[in-house]
Amino acid sequence: MQTQYAALCYRLIRDKPQVLLITSRGTGRWIIPKGWPMQGKPPGAAALQEAYEEAGVVGRVTELPLGMYSYAKTLSNARLVPCIGVVYAVRVDAMKGRFPEEGERRRKWFSRKKAARKVGETELARIIRDFDPSQVDL
């Protein structure tokens, strides 16, 4: 079992939260930004770095995770690796037009309910659906 750090990126529009989803590079499924641990970075900072690289997000991240979800990650050699995604809330302050993976992914804002329906992992859908920004210390 491998661990990745994931970013639940959100913004408030008229006091209603919206969640940012991106497409995966391989299948085009809707996902949240996530990646492997980074040497010298705490987990939340690694999640924030992935949000920038994969979606152009500039923002603030929580110290404590919102939750975890399981999934199978497909590696470049088509091998499946069981993973746990540790999810951190990221309040989005700005979105860069240019970012490292801009030509490889789409990004789109959704309501929590729609975002939960778009993602394929049941546990992640629950985390998104139950997310309450007022309970996050940012």
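Asker: Teacher, can you tell me more about the packing of aromatic side chains here?
Answerer: The geometry of an aromatic ring pair comes down to the distance between the two centres and the angle between the two planes. Per the counting criterion, the structure on display carries four aromatic pairs. On the basis of an interplanar angle of 75° and a centroid distance of 6.3 Å, the ring pair of Tyr5 and Tyr88 is categorised as edge-to-face. On the criterion of sequence distance, the pair formed by Tyr5 in strand E1 (residues 2–13) and Tyr88 in strand E7 (residues 80–95) is long-range, its members being 83 residues apart. Here Tyr5 matches Tyr88 in class, with each residue buried. Lying across the ring of Tyr71, Lys34 places its NZ or CZ 5.2 Å from the centre.

Asker: What exactly am I supposed to notice about the state of the cysteines here?
Answerer: Throughout this description, disulfide means a covalent bond between two cysteine sulfur atoms. Applying the stated criterion across every chain yields a total of zero disulfides. With no disulfide of its own, Cys9 has Cys83 as its nearest cysteine by sulfur position, at a separation of 19 Å. We classify Cys9 as buried; its relative accessible area is 0%. A residue is classified by how much of its surface remains accessible, and Cys83, at 0% relative accessible area, is buried.

Asker: So what exactly am I meant to see when it comes to helix H3 (residues 122–130) here?
Answerer: Since one α-helical turn is 3.6 residues long, residues separated by three or four positions face the same way. Of all the positions in H3, only Leu124, Ala125, Ile127 and Ile128 are classed as buried. On an axial view of H3, the arc spanned by its buried residues comes to 160°, and they lie on one face. Exposed side chains of H3 directed beyond 90 degrees from the buried face belong to Thr122 and Asp130.

Asker: What's the story with the pairing of strand E2 (residues 16–23) in this structure? I'm lost.
Answerer: Across a regular strand the side chains alternate sides, sitting on one face of the sheet and then on the other. Here E2 lies mainly inside the structure; six of its eight residues are buried. Pairing geometry for E1 and E2, over four bridges, is antiparallel. Paired with Leu12 across the strands is Pro17, a residue of E2. The turn joining E1 and E2, which pair antiparallel and follow one another in sequence, is formed by two residues; a positive phi near 50° is taken by Arg14. Here E2 runs beside strand E8 (residues 107–111); their pairing, made up of five bridges, is antiparallel. Pairing of Leu21 across the sheet is with Lys108, part of E8. The turn linking E2 back onto strand E3 (residues 30–31) is made up of six residues, and Gly28 within it adopts a positive phi angle of 80°.

Asker: Any chance you could explain the side chain of Gln4 here in plain terms?
Answerer: Within the element layout of this structure, Gln4 appears in strand E1. When its relative accessible area of 1% is taken as the criterion, Gln4 is described as buried. Ignoring any residue separated from it by four or fewer positions in sequence, one finds Gln4 in contact with Lys34, Gly35, Trp36, Tyr71, Lys73, Ile84, Gly85 and Val86.

The rules we used
Residues numbered from 1 in each chain as written. Predicted model: local features only at pLDDT ≥ 70, side-chain atom pairs only at ≥ 80, totals over all residues. Heavy atoms only, no water. Phe/Tyr/Trp six-rings, centres within 6.5 Å; stacked < 30°, edge-to-face > 60°. Helix = DSSP H or I, 4+ residues; strand = E, 2+ residues; numbered from the N terminus. Buried < 20%, exposed > 50% of the residue type's maximum accessible area, 1.4 Å probe, protein only. Lys NZ or Arg CZ within 6 Å of the ring centre and 35° of its normal. Disulfide = S-S within 2.5 Å. Arc of directions from axis to C-beta. Pairing = 2+ DSSP bridges. Contact = heavy atoms within 4.5 Å.

Without other data, these values stay purely geometric and don't point to any function.
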